[in-house]
Amino acid sequence: MIARPPSRFRASTVTLAALAALLALFGLMLIDSARRAALVDRSADRALVRELGLTDLSLLTEARYTRHLSQADRHSAFQDHPAALEHFPSGALLPPPPHLAPDPR
Amino acid sequence: MRVAFERQKYLIDYTLAALLRRKTRNLGLLLVYALLVFLFASVLLLSQGLRREAAALLQDAPEVIVQRLAAGRHDLLPADWLDSLRRIRGVSDARGRLWGYYYDPAVKANYTVMAAAERPLAEGEILIGAALARVRAIGVGDVFSLRAASGPPALFKVAGILEPSSELLSADLLLLSESGFRALFQFPPERYTDAVLTVSNPREASTVARKIALALPSSRPILRSEMLRTYDAVFDWREGVTFLALAAPLLAFAVLAWDKAAGLSAEEKREIGILKAIGWETGDILRMKLWEGALLSLTAFLLGYLLAWWQVFHGGARLFAPILKGWAVLYPDFRLTPTVDPGQILIVLAVTVVPYIVATLVPGWRAAIADPDAAMRG
């Protein structure tokens, strides 16, 4: 029987190379994150905040108390009547702002 | 050194051959494992990214906002309050803000309408946020019609579109002149929505707020620190709620992984017995099991984390948009600044990789220290 020459691409070589490639990508991800965090320029956004006196992010625009979460009053989630249940999806996922929460006793 | 490396490579060759014997099961496990890491890492990266963005953007938010409350609801603030506020020691400036909401039935979207005193806008001109322009499909020079409080439609010319890069702040903004704002909403003269205060010493903001509450009992001062805390709490809460929702798949995976890793089958025990009988040391078997756990869990971790990072910071976190969006029509197209916290990576590693390696090693070790004869006989 003729012995087969060992393959140049052993399973371990391929696997270790793939793992090294993933680790290299992970390293590149860390470098890219650090580089972009250092380069980010928020001066225009911050100027807009200063100019208009903005208080909140326009992330949840479906109801006024989720759009301006920090400006909401204690009753805004019950705006229809005192026993009204909260019905906006994002409101159901939001806690009350800490400054409106009852003091811990 | 080379010999030691070759020895490890032979061990990996053997491990891979063993894993490939149960190809479908192990490949399925790897995919589910990577998906779970992806979901957990996505939630962590998105919450952390948004939290940092909110903190960075809102650090220039007003030091104190003063609202007027009537019967527990937000009411309009009389202009003479501004003088009273300016007289409070520690307050260096007070200016009224004019803003409100407009529901547009044409696209079922809510806009935040604001008077921009510092912009040179004529009464019939507006500036709009980029998301609003996208949803209404309008551009600079187009005419935008809003229903005035008096009834007839008010026509505005779009004088400009706010920078798309600031969509996280301005997606739904509609800026107009003070006179345009008052005319659109029939807003009473000498009244403002609320007041923005500048405090001489920001560290005294809470003292100033107490003085305001005493001087104007129907007022409600809101501090910048409270605004920042609100966003911190929001994303902590959302993170918690999502983790709670992910707890069920995590438990299912834990059972699957434990069953796969910890419960060695009779066939696997016999395999270890044969390896011992032909001269493998307990240490070799442990190394082989270590490679098995490490290769599978490390690959799943790296794949899952890299995909999560790409999805959150380059894909605009579209996967989570439905959760954040709710019923809203306007949703900002934002790109978060990538942030990777080494502590957070270690947490994901500790929660996902370490338990799997331990679950693979312990039963392997128990089978390896057993008598080969007993192991082979089952």
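Everything numeric in this text was worked out from a predicted model, so none of it was measured.

Criteria and thresholds
- Residues numbered from 1 in each chain as written.
- Chains lettered and ligands numbered in written order.
- Predicted model: local features only at pLDDT ≥ 70, side-chain atom pairs only at ≥ 80, totals over all residues.
- Contact = placed C-beta atoms within 7 Å.
- Helix = DSSP H or I, 4+ residues; strand = E, 2+ residues; numbered from the N terminus.
- Nonpolar A, V, L, I, M, F, W, Y, C, P; charged D, E, K, R; others polar.
- Domains from an automatic or database assignment.
- Axes fitted to C-alpha atoms, helices over the stretch in contact; angles between N-to-C directions.
- Left-handed = near helix turned anticlockwise from the far one by under 90°.
- Buried ≥ 20, exposed ≤ 12 C-beta atoms within 10 Å, placed from the backbone.
- Pairing = 2+ DSSP bridges.
- Parallel < 35°, antiparallel > 145°, perpendicular 65-115°, else oblique.
- pLDDT = per-residue confidence, 0-100.
- Arc of directions from axis to C-beta.

(A) Up close: the interface of chain A and chain B. The interface of chain A with chain B comprises 51 residues on the first partner and 60 residues on the second. For the side of chain A that touches chain B, the elements supplying multiple residues, two or more each, are α1 (11–39), α2 (43–52), α3 (64–67) and α4 (89–92) of chain A. In terms of residue count, the dominant contributor to the side of chain A that touches chain B is α1 of chain A (14 residues). Looking at the side of chain A that touches chain B residue by residue, the class counts come to 26 nonpolar, 12 polar and 13 charged.

(B) The domain arrangement of chain B, seen in detail. Residue and element names in this part refer to chain B. Domain annotation for chain B reports domain 1 (2–58 + 230–377) and domain 2 (62–223). Each of domain 1 and domain 2 has a C-alpha centre, and these two points are 48 Å apart. Listed as interface residues are eight residues of domain 1 and, on the opposing side, 11 residues of domain 2. Class assignment for the residues of the side of domain 1 that touches domain 2 results in six nonpolar, no polar and two charged.

(C) Representation of the packing of α1 of chain A against helix α10 (residues 282–313) of chain B in the model. Two numbers describe how α1 of chain A lies on α10 of chain B: the axes approach to 10 Å, and their chain directions differ by 35°. Crossing of α1 of chain A against α10 of chain B: the hand is left-handed. Note on element contacts: α10 of chain B touches α1 of chain A through Leu295, Leu298, Thr299, Leu302, Leu303, Leu306 and Trp309 of chain B, opposite Thr15, Leu19, Leu22, Leu23, Leu25, Phe26 and Met29 of chain A.

(D) Geometry of the pairing of strand β6 (residues 109–115) of chain B. Residues and elements named next belong to chain B. Most of β6 sits out of view: seven of its seven residues are buried. Across the two faces of β6 the burial is the same, with Ala109, Tyr111, Val113 and Ala115 and Asn110, Thr112 and Met114 all buried. Bridge count for strand β5 (residues 99–104) against β6 is six bridges, and the pairing is antiparallel. Paired with tyrosine 102 across the bridge in β6 is tyrosine 111. Hairpin connection between β5 and β6: a loop of four residues separates the two successive antiparallel strands, and lysine 108 in this loop has a positive phi of roughly 55°.

(E) Looking closely at the environment of serine 170 of chain B. For serine 170 of chain B, the location among the structural elements is in helix α5 (residues 167–170). Taking the C-beta count within 10 Å as the criterion, serine 170 of chain B has 30 such neighbours and is therefore assigned buried. As a C-alpha pair, serine 170 of chain B and threonine 112 of chain B span 58 residues in sequence and 8.9 Å in three-dimensional space. Leaving out residues up to four positions away in the same chain, serine 170 of chain B has contacts with Leu48 and Ser58 of chain A together with Gly129 and Leu162 of chain B.

(F) Representation of the packing of α1 of chain A against helix α1 (residues 2–21) of chain B within the structure. Viewed as axis vectors pointing N to C, α1 of chain A and α1 of chain B meet at an angle of 95°, and their least axial separation amounts to 8 Å. Classified by the angle between their axes, α1 of chain A and α1 of chain B sit roughly perpendicular to one another. Along its contact with α1 of chain A, which presents Ala11, Ser12 and Thr15 of chain A, the element α1 of chain B presents Lys9, Ile12, Asp13 and Leu16 of chain B. For the contact of α1 of chain A with α1 of chain B, the per-class residue count stands at three nonpolar, two polar and two charged.

(G) Fine view of the confidence of the model for chain B. Residue and element names in this part refer to chain B. Mean pLDDT for chain B: 88, with 98% of residues reaching 70 or above. Between the elements of chain B, mean pLDDT differs from a low of 73, seen in helix α11 (residues 321–325), to a high of 96, seen in strand β11 (residues 191–192). Scoring of the predicted complex yields 0.83 for pTM and 0.80 for ipTM.

(H) Up close: the pairing of strand β8 (residues 143–147) of chain B. All names here are of chain B. One ladder, built from five bridges, connects β8 with strand β9 (residues 153–161); its direction is antiparallel. Looking at the pairing, valine 143 lines up with lysine 157 of β9. The turn linking β8 back onto β9 is made up of five residues, and glycine 151 within it adopts a positive phi angle of 125°.

(I) Quick peek at the sheet that holds β8 of chain B. Residue and element names in this part refer to chain B. Judged by pairing direction, the sheet is mixed, and its six strands sit side by side in the order β5-β6-β10-β7-β9-β8 without closing on themselves. Lying at the two open borders of the sheet, with one neighbouring strand each, are β5 and β8. Strand-to-strand, the axes of this sheet are offset by a mean angle of 40°, without reference to chain direction. Strand contacts of helix α6 (residues 178–185): β5, β6, β8, β9 and β10 (173–176), with the helix running at about 130° to β6, the strand carrying the most contacts.

(J) Molecular detail of helix α7 (residues 205–215) of chain B. All names here are of chain B. Those residues of α7 that sit buried are Ala205, Val208, Ala209 and Ile212. Summarising the axial view, the buried residues of α7 lie within an arc of 105°, below the 170-degree limit, and thus occupy one face. Facing away from the buried side of α7 by over 90 degrees, the exposed positions are Arg210 and Leu214.

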